[in-house]
Amino acid sequence: GTSASPATLLSTISTGTETYTHSSLTNGTTYYYRISAVDNAGNESDKTSDESTIPYIQPVATEPSGSGTSSDPYLVATLSNLYWVTQNSGNWNKYYKQTADIDASATSNWDDGNGGAAEGFSPISNSSTNFTGTYNGQNYTIDGLTINRSTTYTAMFGYTYGATISNLRITNVNITGSQYVSGMVGYNRSSTISNSYCTGIITGTGSSGLVGGLIAGSESSTLTNCFVNANITSNYWVGGLIGYDYD
């Protein structure tokens with residue numbers, strides 16, 4: 001059941017059975033189980049203490065159409081397309097165009113499969129492999145993006161260098177990270193962002209802070225016609241639009 005000390009009989013399994021699959025569960029919901037044994041005479045043992053588990057969604061990556069060139073960009077139309085981008089670092093120097101609104105609310109139940117709470121969306125790029133490409137949102141939205149990680153450079157784009165991001169609307173985010181945490185770009189270096197905005201909740205848990213609504217850290221970059229409407233929390237450096245500008 002979904003409450004502690006469940007009393008409803010789920011199933012009776014035969015002697016020698018070692019596994020049982022409980023299907024049709026709701027992702028992100030805690031389920032509790034107790035087990036007892038019955039002998040041939042019908043005598044039932046005491047039930048075990050509660051065992052609990054939380055099922056999570058394992059995301060699916062679908063390669064977008066296009067080849068990633070300026071004349072034939074990758075066309076990002078679904079959340080599965082967006083997940084494909086996160087998983088293919090060799091293409092973080094390519095051209096992308098978003099072609100539809102994307103409901104990213106399912107990311108609240110995405111899990112890396114290592115136990116514990118769901119980590120949500122995995123940022124596109126990091127300090128080792130930067131996003132150096134072009135992403136044109138074409139004024140479509142990405143709604144409900146969730147990231148819950150104790151890492152640095154926690155945003156939709158973790159670390160950009162020489163990148164161009166335009167016409168991107170990221171709404172109703174719920175993003176938590178350690179340092180360089182924001183809604184759109186964790187660290188924006190020598191890059192250009194224009195005609196874009198972010199709304200939602202953004203939280204930095206690290207002692208050094210560096211949290212911003214759109215960009216956490218910015219260096220030698222250009223920002224044009226952008227805004228933020230978000231609840232932003234940080235232990236130290238924090239800004240509504242940019243957490244810290246190194247220029």
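Cut-offs applied
Residues numbered from 1 in each chain as written. Predicted model: local features only at pLDDT ≥ 70, side-chain atom pairs only at ≥ 80, totals over all residues. Heavy atoms only, no water. Patch = residues over 30% accessible without salt bridge, like charges linked within 9 Å, V, L, I, M, F, W, Y side chains within 5 Å. Areas by Shrake-Rupley, 256 points an atom, 1.4 Å probe, with all protein chains shown as cover. Salt bridge = Lys/Arg side-chain N within 4 Å of Asp/Glu carboxyl O. Helix = DSSP H or I, 4+ residues; strand = E, 2+ residues; numbered from the N terminus. Buried < 20%, exposed > 50% of the residue type's maximum accessible area, 1.4 Å probe, protein only. Core = buried A, V, L, I, M, F, W, Y, C linked by side-chain atoms within 4.5 Å. Pairing = 2+ DSSP bridges. Axes fitted to C-alpha atoms, helices over the stretch in contact; angles between N-to-C directions. Contact = heavy atoms within 4.5 Å.

Caption draft 1: Expanded view of a nonpolar patch on the surface. Taken together, the side chains of Leu-10, Ile-13 and Tyr-20 make up a nonpolar region of the molecular surface, amounting to roughly 290 Å² of accessible area. Turning to its location among the elements, Ile-13 is positioned in the segment before β1 (31-33). Take Ile-13: its relative accessible area is 46%, and that puts it in the partly exposed class.

Caption draft 2: Region of the structure containing the environment of Thr-29. Mapped onto the elements of the fold, Thr-29 is located in the segment before β1. Look at Thr-29 and you get partly exposed, because its relative accessible area is 24%. A C-alpha to C-alpha distance of 31 Å links Thr-29 and Pro-64, two positions 35 residues apart in sequence.

Caption draft 3: Examining the pattern of salt bridges more closely. As enumerated under the stated definition, the model contains one salt bridge in all. We note a salt bridge from Glu-44 to Lys-47, for which the minimum N-O separation is 3.6 Å. Residue Lys-47 is classed as partly exposed on the basis of its relative accessible area, which comes to 45%.

Caption draft 4: Region of interest: the nonpolar core. Core analysis: the largest hydrophobic core is formed by 37 residues, its most contacted members being Leu-82, Ile-124, Tyr-135, Met-156, Phe-157 and Leu-168. Counting only elements with at least two residues in this core, the list comes to β3 (74-76), α1 (79-87), β6 (134-143), β10 (164-177) and β14 (197-204). Counting residues in hydrophobic clusters, the runner-up holds six residues, among them Tyr-153, Tyr-159, Tyr-180 and Tyr-187.

Caption draft 5: Layout of the sheet that holds strand β12 (residues 185-189). The strand order across the open sheet built from four strands is β9-β12-β16-β20, with neighbouring strands paired in parallel fashion. Looking at the sheet topology across the chains shown, the edges are occupied by β9 (157-161) and β20 (242-245). When strand polarity is set aside, the average angle formed by the axes of neighbouring strands in this sheet is 10°. Examined bridge by bridge, β12 and strand β16 (residues 215-219) share four bridges and lie parallel to one another.

Caption draft 6: View of α1. Among the nine residues that make up α1, seven are buried, leaving the element largely enclosed by the rest of the structure. Of the surrounding secondary structure, the elements contacted by the buried residues of α1 are β3, β4 (95-98), β5 (102-103) and β6.

Caption draft 7: Layout of the environment of Val-228. Assignment of secondary structure puts Val-228 in strand β18 (residues 227-233). Val-228 gets classed as partly exposed once you look at its relative accessible area, which sits at 23%. Put simply, Val-228 and Ile-242 are 14 residues apart on the chain and 9.6 Å apart in space, counted from C-alpha to C-alpha.

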